[in-house]
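# Commentary on secondary and tertiary structure
The chain contents come next:
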Amino acid sequence: MPIKKNNQKIIWCIVLLLTIIGILVLSNFQKKDSSAENIHQKTVELYFNNTTTKKMRAEERTIYGDTHKELIAAVIEELKNGSKTEGNIAVVPQDLAILHITIEDDIAIIDLSETYYNLTSGSEIMCRCSIVWSVTSLDFVDYVHITVDGQALKKTSGAPIGLMSRENVMLNPIVSPESKRYEIVTLYFTNESGTKLVTEEREIEVSQNQPREKSVIEQLIVGPKEKGHFITIPADTKIRDITTTEDGVCYVNLSNDFMTKISNGSTNEQIAIYSIVNSLVSLYNVEKVQFLIEGEKMEDAGGHLDYSKPFTAMDVEV
């Protein structure tokens, strides 16, 4: 009889132990399942510009993603898709692509495509505000660091903007229609002997009223500012028109006297042409340069270069 009782006790202990293990396993599974649900679905605040009040307005929306990176990407895609509330408009362009997202602690590092630079100064401020306030509505993000094609955003002074949060980014920034934007571009001039191209970086004002390509050529006409650098194209050159196609071909339409002066030997032809070509191709949206004179393509300009087809950048030493 004592042996039988002992066996019963052992059986009851085993049953109790198995029951406890089962409860613990089930509890742990439920916790994991709950955690999975939380990462798959989030309710966030998306910020759009209200056309009536001219102020940013929040709109709640549910987003989905398997990882934190996917949730951040979902926020930006929803911002691009636009508001579902009448009177609210998106300030993040639809053609703005996300190149990469990195998360470091509570910092979201978002690398965007170069189409970001197509934004005017006022639009850029609103776009940044929308992204920062919307992404930081995620409970795991406190700071946003925006880069463009791997390069940090900079202030007009050249200093990096750095980390942005709800503390240092105004929800409703005052944007003047006269706001100016500046970019640092690379200009190509010549050395003292006029036989080699040399580079010079310069901050230029980018206006929404004219393409940055025109601003670059205007600066070439102004001439260099660094010692030992010399002008490459005639100072009285007139820009008739300048446009760049979606496939990266920049059409530069110049006055007739430009070709006359570089063809008669007063200015080295190769140096003059490639100072323009290399300066323009250093811009992110230009791949090639096609020259026009008074609106016409030159089949035979009488010089040493073929103007019938677009030029690509190259090192020049004559």
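Residues numbered from 1 in each chain as written. Predicted model: local features only at pLDDT ≥ 70, side-chain atom pairs only at ≥ 80, totals over all residues. Heavy atoms only, no water.

### Let's talk about unusual backbone geometry
To be explicit about the condition: Helical segments are the DSSP runs of H or I of at least four residues, strand segments are the runs of E of at least two, and each set is numbered from the N terminus. Relative accessibility thresholds used throughout: buried, under 20% of the residue-type maximum; exposed, over 50%; partly exposed, between the two (1.4 Å probe, protein chains only).
With a phi close to 55°, D105 is a non-glycine residue in the positive phi region. With respect to the helices and strands, the residue D105 is situated in the loop between β4 (98-104) and β5 (107-112). The exposure class assigned to D105 is exposed, which follows from its relative accessible area of 75%. For E294, which is not glycine, the phi dihedral falls at a positive 55°. For E294, the location among the structural elements is in the loop between β12 (288-293) and β13 (296-297). By relative accessible area, which is 39% here, E294 ends up partly exposed.

### Quick look at the environment of I131
Definition in use: The contact criterion used is simple: two residues touch if any of their non-hydrogen atoms lie within 4.5 Å.
Along the chain, the position of I131 falls in helix α3 (residues 121-135). Classification of I131 as buried rests on a relative accessible area of 1%. Beyond its immediate sequence surroundings of up to four residues, I131 is in contact with L79, V92, I110, L112 and I146.

### Considering the packing of aromatic side chains
This is how it is decided: Aromatic contacts are taken between Phe, Tyr and Trp rings whose centres are within 6.5 Å, Trp giving its six-membered ring; a plane angle under 30 degrees counts as stacked, one over 60 as edge-to-face, and the others as tilted.
As enumerated under the stated definition, the model contains seven aromatic pairs in all. Plain terms: the ring middles of Y116 and Y117 are 6.2 Å apart, the flat faces sit at 80° to each other, and that makes the pair edge-to-face. With relative accessibility at 0%, the residue Y116 sits in the buried group. Residues F291 and F311 carry aromatic rings whose centres are separated by 5.6 Å and whose planes lie at 80° to one another, so their mutual orientation is edge-to-face. Highlighted residues: F291 in strand β12 and F311 in the segment after β13, separated in sequence by 20 residues. Under the relative-accessibility criterion, F311 is labelled buried at 5%. An aromatic cluster of three or more residues is present, and its members are Y274, F291, Y307 and F311.

### Concerning helix α2 (residues 68-81)
Rules: How far a helix is expected to stretch is found by multiplying one less than its residue total by 1.5 Å.
For α2, with 14 residues, the first-to-last C-alpha span of 20 Å sits near the 20 Å given by 1.5 Å per residue. Every buried residue belonging to α2 is among L71, I72, A74, V75, I76, L79 and K80, and all of these are buried. Looking one or two residues past α2, G82 carries a phi angle of roughly 100°, positive in sign.

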